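# Structural description and commentary
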Amino acid sequence: MTITPTTITKQMLIDKAACPEWIDKFHYRKPEGLKIHTIADILDAIKYGGFGPVVSWLIKLDVVDKLDLTRANLTGANLTRANLTGANLREADLREADLTGAYLTRANLTEADLREADLAGADLREADLREADLTGANLTRANLTGADLAGADLTGADLTRAYLTRAYLTGANLTGADLRGANLREADLTGADLREADLREADLTGANLTRANLTRANLTGANLREADLREADLTGA
């Protein structure tokens, strides 16, 4: 990641149409402005600002050209509508973070801790979420088209009406997940654990469910046209 040493002033934020709340707070932080030199300064700015748009402004100000937040501690951070497109969040701690409406297209979230995180309406197209922990996460209406969730833990996650078209969910743990009305067309669920998952009205057209465990899953009204169910366990479904 490239960081150009920069001092951000209140006027710069006004010129870039920053959120009024952050502009108001900015004055009380440092009269001389916020100095950005390292990744720690960026994390401080995010936490101080209290919400994600500050990331977008740092990019607009040419402070950073690509965020590298590997192993960053962002527990409980408010990143609502943050522009994290292509960001590196590998192994980042995002427990209980607010990422509603965030832009995470092609972001690297490999092995990230997203337990109880709020990702409602987030754009996660083609994001890398391999081995990520999304236990209890809210992914309602999130766009996960083409995302890689191989080996991810989605136990008890809310994926109501989420877009998972062509998503890779091989070996993923979806035990007790809420997938009502989710779009799983052509998704790869090979070997996925879907025990007691709620798949009512889900669209599984052309999905690969080979060796998937669907024990006691609710498939009422689900569309399984052309789905591959070879060796799948449908006991009690």
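Note that the structure is a prediction, hence the values are computed from the model and not measured.

## Brief notes about the overall build of the protein
Helix and strand counts for the protein stand at four helices and two strands. In the protein, the succession of α and β elements from N to C terminus is β-α-α-β-α-α. Out of the 237 residues belonging to the protein, those deemed buried represent 48%. A separation threshold of at least 6 residues defines the contact pool for the protein, and within that pool the share at least 24 residues apart is 15%. Summed over its atoms, the accessible surface of the protein is roughly 10,600 Å², and 44% of this surface lies on carbon and sulfur atoms.

## Comments concerning the nonpolar core
Among the nonpolar cores identified, the biggest contains 65 residues, and L159, L179 and L194 are the most heavily contacted of them. Residues in contact with L159, not counting those within four places in the same chain, are L139, L144, L154, L164, L174, A177, D178, L179 and A182. If you look at the next biggest cluster of nonpolar residues, it comprises five residues, including L13, I23, I36 and I42.

## So, the environment of D233
Position of D233 relative to the elements: it lies in the segment after α4 (53-60). Here D233 falls in the partly exposed class, since its relative accessible area comes to 31%. When the C-alpha positions of D233 and D193 are compared, they lie 9.8 Å apart, and in sequence the two are 40 residues distant. Leave out the neighbours within four places in its chain, and D233 touches A212, N213, L214 and T215.

## Structural notes on unusual backbone geometry
For R161, which is not glycine, the phi torsion reads 55° and is therefore positive. Assignment of secondary structure puts R161 in the segment after α4. By relative accessible area, R161 is classed as partly exposed at 45%. Although it is not a glycine, R166 adopts a positive phi angle of roughly 60°.

## Description of the side chain of T100
The residue T100 is located in the segment after α4 in this model. Relative accessible area serves as the criterion here: at 19%, T100 is assigned to the buried category. With residues up to four places along the chain from it excluded, the contact list for T100 reads T80, R81, D118 and A120.

## Focus: the side chain of T145
With respect to the secondary-structure elements, T145 resides in the segment after α4. Within the structure, the side chain of T145 is placed 2.7 Å from the side chain of N143, a separation counted as a polar contact. Among residues more than four places away in sequence, those in contact with T145 are R125, E126, Y163, T165 and R166.

## Points about the pattern of salt bridges
For the coordinates displayed, the defined rule picks out 18 salt bridges. A salt bridge links R180 to D178, with the shortest nitrogen-to-oxygen separation between them at 2.7 Å. For R180, a relative accessible area of 36% translates into the label partly exposed. For D178, a relative accessible area of 15% translates into the label buried. One network of salt bridges, in which partners are shared, links D93, R95, D113, R115 and D133.

## Digging into the environment of L194
With respect to the helices and strands, the residue L194 is situated in the segment after α4. Taking the C-alpha atoms as reference, L194 lies 9.8 Å from L154; in sequence the two are 40 residues apart. The residues touching L194, leaving out its near neighbours within four places in the chain, are L174, L179, L189, L199, L209, A212, N213, L214, T215 and A217.

## Focus: the confidence of the model for the protein
On average, residues of the protein score 87 in pLDDT, and 82% of them are at 70 or above. Considering each helix and strand of the protein separately, the mean pLDDT is smallest for α4, with a value of 63, and largest for helix α1 (residues 10-15), with 77.

What counts and what doesn't
Residues numbered from 1 in each chain as written. Predicted model: local features only at pLDDT ≥ 70, side-chain atom pairs only at ≥ 80, totals over all residues. Heavy atoms only, no water. Helix = DSSP H or I, 4+ residues; strand = E, 2+ residues; numbered from the N terminus. Buried < 20%, exposed > 50% of the residue type's maximum accessible area, 1.4 Å probe, protein only. Contact = heavy atoms within 4.5 Å. Areas by Shrake-Rupley, 256 points an atom, 1.4 Å probe, with all protein chains shown as cover. Core = buried A, V, L, I, M, F, W, Y, C linked by side-chain atoms within 4.5 Å. Polar contact = N/O pair within 3.5 Å; in protein donor to acceptor, adjacent residues only side chain to side chain. Salt bridge = Lys/Arg side-chain N within 4 Å of Asp/Glu carboxyl O. pLDDT = per-residue confidence, 0-100.

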